[in-house]
Amino acid sequence: MTNKSTVLLAMKKPTIMKNKKNLILLMLILFSGINKMISQSQSYGAISYNKAVNISGKQRMLSQKMSKAYLLLAKGIRNEDIKTELNSSKFIFARQLSILKENASDHAIKLYIKEVEVIWEKFQEIINKTPNFNNAQEVMKLNTNLLNSCHQLVLTIEAASNYSSKFFYNSNQDLVEIVNKSGKQRMLSQRLCLYYVASEMFPTEKNDYTKIINIVFRDFNDAIGFLLINSYNTIETEEELGVIMGLWAKFQNDKNGFINGDFELEEVFNSTNKLTKSFNKITGIYENIAKKNK
């Protein structure tokens, strides 16, 4: 090797080393960006998709819970628990809506949140008024619109989660759906009570409300069977499902009596609240399972 070649090689070595360092640095930056992108795609802002589905699912339930409590008060049922339930549900609904809004990045999700906000403003204005027959009629006109908007928000969040899993493997996607299914039971139990009260309070609409009760009854019953055999059950969820089936048995055994209004209002109020509480517990367990499997 000539002296000239030796000099050229010596000059190239620092350049080669520098290029290697730059390549390693570039790879680290790329991996960091990919990890960040994966993390962002599999989360709903600062919370998980499972948490977002659970929270938005609770909004469906609260829309029915507030409506039910307002009707019971308008009917003259004097129970401090009902007043407390109405007031606490209002605050929780407003706060959870803020959490969903603060963490939303998807355009479609933001649009549905806006839709919920518009209906919620009108609905809140009514339930802040003194409970009476006329205001209760207004609640019945709006409650399903609020419920449907909340439901569409849940489905949109679930769809966003499913979209992200098409690009990055998400073993929890089926759990997201189970969280939604279980969470929906909370709403259905409250809707059962709401329309039971409404059918007693508004005789002229009884036939229409009875049809809704039949649909809700069937959906609620079918979902119990689905959740009972899902592969993510634990001893704790199975025990709670046993409690639910015990509570639900009296409705199943006398469905016609329930449809015809033979049950006491406060009995229906207490039983459906217990069902809601049990399904809230089960939904939380499914959410935690998804978190651990992440």
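Coordinates for the structure precede this section.
The structure contained in this document is the topic of the report that follows. (Residues numbered from 1 in each chain as written. Predicted model: local features only at pLDDT ≥ 70, side-chain atom pairs only at ≥ 80, totals over all residues. Heavy atoms only, no water.)

**A closer look at the overall build of the protein**
Okay, step 1: Tallying secondary structure elements over the protein gives ten helices and two strands in all.
Okay, step 2: Within the span of the protein, comprising 294 residues, buried residues form 47% of the whole.
Okay, step 3: In the protein, the proportion of contacts linking residues at least 24 apart, taken out of those at least 6 apart, comes to 79%.
Okay, step 4: Accessible area of the protein: about 15700 Å², with a carbon and sulfur share of 55%. (Helix = DSSP H or I, 4+ residues; strand = E, 2+ residues; numbered from the N terminus. Buried < 20%, exposed > 50% of the residue type's maximum accessible area, 1.4 Å probe, protein only. Contact = heavy atoms within 4.5 Å. Areas by Shrake-Rupley, 256 points an atom, 1.4 Å probe, with all protein chains shown as cover.)

**Regarding the packing of aromatic side chains**
Okay, step 1: If you walk through the whole model with that rule in mind, you get 14 aromatic pairs.
Okay, step 2: With 6.4 Å between their ring centres and 65° between their planes, Tyr-44 and Tyr-49 make a pair best called edge-to-face.
Okay, step 3: Ring geometry for Phe-217 versus Phe-258: centroids 6.4 Å apart, planes at 45°, classification tilted. Of this pair, Phe-217 sits in helix α7 (residues 206-228) while Phe-258 sits in helix α9 (residues 255-259), and the two are 41 residues apart along the sequence. Neither residue differs from the other here; Phe-217 and Phe-258 are each classed as buried.
Okay, step 4: Three or more aromatic residues link up through ring pairs in this structure, and these residues are Tyr-196, Phe-217, Phe-220, Trp-248, Phe-251, Phe-258, Phe-263 and Phe-279.
Okay, step 5: It is Lys-181 that lies over the ring of Phe-226; its NZ or CZ is 5.2 Å from the centre. (Phe/Tyr/Trp six-rings, centres within 6.5 Å; stacked < 30°, edge-to-face > 60°. Lys NZ or Arg CZ within 6 Å of the ring centre and 35° of its normal.)

**Observations concerning α7**
Okay, step 1: The end-to-end C-alpha distance of α7 is 33 Å, a good match for the 33 Å that 23 residues give at a rise of 1.5 Å each.
Okay, step 2: Residues of α7 that are buried: Tyr-209, Thr-210, Ile-213, Val-216, Phe-217, Phe-220, Ala-223, Ile-224 and Leu-227. (Expected span 1.5 Å × (residues − 1).)

**Points about the packing of helix α3 (residues 80-103) against helix α4 (residues 107-127)**
Okay, step 1: One can describe the packing of α3 onto α4 by two numbers: an axis separation of 12 Å at closest approach and a directional angle of 160°. The angle between α3 and α4 places the two elements in the roughly antiparallel class. Crossing of α3 over α4 shows left-handed handedness. Taking contact as the criterion, the partners of Leu-86, Lys-90, Phe-93, Ala-94, Leu-97, Leu-100 and Lys-101 in α3 are, on α4, Ile-113, Val-116, Glu-117, Trp-120 and Ile-127. (Axes fitted to C-alpha atoms, helices over the stretch in contact; angles between N-to-C directions. Parallel < 35°, antiparallel > 145°, perpendicular 65-115°, else oblique. Left-handed = near helix turned anticlockwise from the far one by under 90°.)

Shape is all these values report; function is a separate question.
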